[in-house]
Amino acid sequence: MKAGIVGLPNVGKSTLFNCLSNAKAQSANFPFCTIEPNLGVVNVPDARIEKLEELVNPEKVIPATVEIVDIAGLVRGASKGEGLGNQFLANIRETDAILHVLRCFDNDNIVHVDGSVDPIRDKETIDIELQLKDLETLEKRLERVKRTAKTGNKEAQKELEVLEKIQSVLLEGKSVRTIDFTEKEQEFVAPLQFITSKPVLYICNVDEASAKHGNSYVEKVKECVKDEDAEIITLAVATEADIAELEAYEERQMFLSDIGLEEPGVSRLIRSAYTLLNLQTYFTAGVKEVRAWTITVGATAPQAAGVIHTDFEKGFIRAEVIGYDDYIAFGSEAKVKEAGKMRVEGKEYIVADGDVMHFRFNV
């Protein structure tokens, strides 16, 4: 599961990517600086794993990770192949969620491709290009389905209804994610991989003075997206880059304190991206290793076991489960067992975020 950073050229995408991954993507003051999509594997900040480390004192600790892709800046006309349009759209189609960076700061030294700062116009430019590409995908499918529907094929007639509903929404300048589909409708929609059906998180890139409370640009973005099912994060990307350069943890904390923040904004962003991808964490905790494992929300115990090894899923017998809060309250696995708080769960168990688990299996 990976999230793609998108936006117009020069809005701070590559600088943000560098902060997130410490993989130094080339960052420069001109469009198309990122030609190949850069992929970063980013640790998910989670205070729970630190707490488990204190209690267990393991030989090593492995946090959960999320993949972030930095995608080339898009320009008007991308859906028709302008700039790096085709490549951009192919790259974004391969991601599972969109991190849409909007420039919400003034700086005469950083050129804007449209000559002025206007995050709403920038958002609409990208939305339109993505919607046009989805329309193109839709119309190819629509032609085939119409022909089949005319023969009286009931399934094709149902699909045609769904496709025409999507077409009218896209022609109104809205995204596919604004439509509520039934489970049956989703069967027709999913294979088409509409770009605008992906969940989105808007990142308002502000100046340092606006890092805590935002500014008038951010307020405009909030108003603009209030009807979308989307989160907004305010981030001073250039400042975050400065913080990331500091070696000592204490120095970073002092810098954050000076601008009124408790933690780096990128930590909030990574956690939000993790949630946006519909992911959650369970833990294994032993003296060899405390580890966070990533699963989708709603995963069963055997599916969670399969993340460790496919044999665990195939030969799953049962899971021994301790709720995170119980583990912390009692301080050790042994004390949890003594208190009768360890549960034994079977194949139907839906894993809760933060569960500490052991699996019994037989292959």
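Residues numbered from 1 in each chain as written. Predicted model: local features only at pLDDT ≥ 70, side-chain atom pairs only at ≥ 80, totals over all residues. Heavy atoms only, no water.

*Asks:* Any details on the environment of Phe 283? Residues and values, ideally.
*Replies:* Relative to the assigned elements, Phe 283 resides in strand E8 (residues 279-285). A sequence separation of 28 residues divides Phe 283 from Phe 255, and the C-alpha atoms of the two residues are 32 Å apart. Residues within four places of Phe 283 in sequence aside, it is in contact with Asp 46, Arg 48, Ile 49, Leu 52, Arg 291, Ala 292, Trp 293, Gly 354, Asp 355, Val 356 and Met 357. (Helix = DSSP H or I, 4+ residues; strand = E, 2+ residues; numbered from the N terminus. Contact = heavy atoms within 4.5 Å.)

*Asks:* Give me the pairing of strand E1 (residues 2-6): which residues, what numbers.
*Replies:* Most of E1 sits out of view: 4 of its 5 residues are buried. Note that E1 and strand E4 (residues 65-70) share 4 bridges and pair parallel. Bridge pairing in E4 places Ala 3 opposite Ile 68. For E1 and strand E5 (residues 97-103), the ladder comprises 4 bridges, and the chain directions are parallel. Following the sheet pairing, Ala 3 is matched in E5 by Ala 97. (Buried < 20%, exposed > 50% of the residue type's maximum accessible area, 1.4 Å probe, protein only. Pairing = 2+ DSSP bridges.)

*Asks:* How would you explain the sheet that holds strand E6 (residues 200-205) if you had to name every residue and give the values?
*Replies:* The 6 strands are arranged E2-E4-E1-E5-E6-E7 in an open sheet whose pairing can be described as mixed. The open sheet has two free edges, formed respectively by strand E2 (38-43) and strand E7 (231-235), since each of these has just one partner strand. Adjacent strand axes in the sheet meet at a mean angle of 25°, parallel and antiparallel pairs treated alike. In the packing of helix H10 (residues 265-276) onto the sheet, the strands contacted are E2, E4, E5, E6 and E7, and the crossing angle to E7 comes to about 160°. (Axes fitted to C-alpha atoms, helices over the stretch in contact; angles between N-to-C directions.)

*Asks:* Account for the pattern of salt bridges, naming residues and giving values.
*Replies:* As enumerated under the stated definition, the model contains 23 salt bridges in all. Taking the shortest distance from any N to any O, the salt bridge between Arg 121 and Asp 122 comes out at 3.3 Å. Taking relative accessible area as the criterion, Asp 122 reaches 2% and is therefore assigned buried. Close ionic contact of Glu 187 with Lys 184 constitutes a salt bridge, the shortest N to O distance being 3.5 Å. With Glu 187 and Lys 184 both in helix H6 (residues 183-189), this residue pair falls 3 residues apart, about one helical turn. Through salt bridges with shared partners, one network takes in Lys 123, Asp 127, Arg 177 and Glu 228. (Salt bridge = Lys/Arg side-chain N within 4 Å of Asp/Glu carboxyl O.)

*Asks:* Explain the environment of Gln 167 to me, and be specific about the residues and the numbers.
*Replies:* Mapped onto the secondary structure, Gln 167 falls in helix H5 (residues 154-171). The spacing of Gln 167 and Ile 322 is 155 residues in sequence and 48 Å in space, taken between C-alpha atoms. Those residues in contact with Gln 167 that lie beyond four places of it in its chain are Leu 135, Leu 138, Glu 139 and Leu 142.

*Asks:* Residues and numbers for the packing of aromatic side chains, please.
*Replies:* Enumeration according to the criterion identifies 4 aromatic pairs in this entry. Arranged with centres 5.8 Å apart and planes meeting at 90°, the rings of Tyr 282 and Phe 359 form a pair that is edge-to-face. Taken together, the residues span a long stretch of sequence, with Tyr 282 in strand E8 and Phe 359 in strand E12 (residues 356-361) at a distance of 77 residues. Three or more aromatic residues link up through ring pairs in this structure, and these residues are Tyr 282, Phe 316 and Phe 359. (Phe/Tyr/Trp six-rings, centres within 6.5 Å; stacked < 30°, edge-to-face > 60°.)

*Asks:* Mind laying out the state of the cysteines, listing which residues take part and the relevant values?
*Replies:* One pass over the structure, following the stated rule, counts 0 disulfides. Among the cysteines around Cys 224, which has no disulfide bond, Cys 204 carries the closest sulfur, lying 10 Å off. The partly exposed category is assigned to Cys 224, whose relative accessible area is 31%. (Disulfide = S-S within 2.5 Å.)

*Asks:* Talk me through the nonpolar core; I want residue IDs and the actual numbers.
*Replies:* Leu 16, Leu 20, Ile 68 and Leu 99 are the most contacted members of the largest nonpolar core, which totals 70 residues. Counting residues per element, this core draws most heavily on H10, at 6 residues. Apart from the residues within four sequence positions on either side, Leu 20 is in contact with Ile 5, Val 42, Ile 68, Val 266, Leu 269 and Ile 270. If you look at the next biggest cluster of nonpolar residues, it comprises 18 residues, including Ala 149, Val 162, Val 189 and Phe 194. (Core = buried A, V, L, I, M, F, W, Y, C linked by side-chain atoms within 4.5 Å.)

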